[in-house]
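Listed below, chain by chain, are the residues.
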Amino acid sequence: MQQKLNKLNQLSAGDYDAFLYDCDGTLADTMPWHKKAYVAVAADAGVHIDGNIIDELAGLPVINVIQEINKRYQSNFDPVAFADEKEALFFDQYIDAIQPIDFVAAHMRAHHGSIKMAVVSGGVRSSVQKTLQVVGLDTLTNVLVCAGETERGKPYPDPFLKAAELLGVAPQRCLVFEDGASGVQAAIAAGMQWIRVDQL
């Protein structure tokens, strides 16, 4: 962990006014559990999906992931109903198993109080709040922007731009921490610097 934390500290050293962190896969190791929930809900309806699609679409709002599942598997899931069932299963069976991604969580803790922070996630607010609580990071962020709270989600810049606005920080003064391609695309579109934490 220490080697990755050192690298993250080096990459994030600079003149920034705010750090914007993704949640799932960046601060918390939730992706394996979200993947299980997606696969289980689909299987209950007789649709057997490859869980790798969830990794591929990491960072997208849940509704968009389900829409893509419908396209690829010629399924007709109601995105809202599927999302609700998936979140319920995640909370019921998997939430307490979540662990922090140690070096990113340590980075967030180390900078708490010295720079403004936001968590910007493609997950729904209730899930993100509970996840942050489980990994002990819920009191560290100034702002939370989640799925459905902007007109467009990642890979569009809207969620990051909303976080910057709520923090009172210019977009070019923000540094984004992401693990998904859609999140990186959103950061670039927002005019922000970024770090891909899963590639450190």
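Quick note: structure is the one above.
Procedures and definitions
Residues numbered from 1 in each chain as written. Predicted model: local features only at pLDDT ≥ 70, side-chain atom pairs only at ≥ 80, totals over all residues. Heavy atoms only, no water. Axes fitted to C-alpha atoms, helices over the stretch in contact; angles between N-to-C directions. Helix = DSSP H or I, 4+ residues; strand = E, 2+ residues; numbered from the N terminus. Parallel < 35°, antiparallel > 145°, perpendicular 65-115°, else oblique. Left-handed = near helix turned anticlockwise from the far one by under 90°. Contact = heavy atoms within 4.5 Å. Nonpolar A, V, L, I, M, F, W, Y, C, P; charged D, E, K, R; others polar. Phe/Tyr/Trp six-rings, centres within 6.5 Å; stacked < 30°, edge-to-face > 60°. Lys NZ or Arg CZ within 6 Å of the ring centre and 35° of its normal.

## Details of the packing of helix H4 (residues 62-73) against helix H5 (residues 79-94)
Direction vectors running N to C along H4 and H5 enclose 115°, while the axes themselves pass 9 Å from each other. Classified by the interaxial angle, the pair formed by H4 and H5 is roughly perpendicular. Regarding H4 and H5, the two cross each other, and that crossing is right-handed. Along the contact surface, H4 presents Val62, Ile63, Ile66 and Gln67, while H5 presents Pro79, Val80, Phe82, Ala83, Lys86 and Glu87.

## A look at the packing of helix H1 (residues 2-12) against helix H6 (residues 102-111)
The packing of two helices is summarised by the inter-axis angle and the distance between the axes. Contact geometry of H1 with H6 gives a least axis separation of 9 Å together with a crossing angle of 50°. It follows that H1 is oblique to H6 by the angle criterion. Here H1 runs over H6; the crossing is right-handed. Contact residues: H1 offers Lys4, Leu5, Leu8, Asn9 and Ser12, while H6 offers Phe103, Val104, Ala106, His107 and His111. The residue inventory of the contact of H1 with H6, partitioned by class, reads five nonpolar, four polar and one charged.

## Re the packing of aromatic side chains
Tallied over the full model, the rule gives eight aromatic pairs. Note that Lys86 overlies the ring of Phe90, its terminal NZ or CZ placed 5.9 Å from the centroid.

## Focus: the environment of Val62
Residue placement: Val62 occurs in helix H4. Beyond its immediate sequence surroundings of up to four residues, Val62 is in contact with Tyr38, Ala83, Lys86, Glu87 and Gly122.

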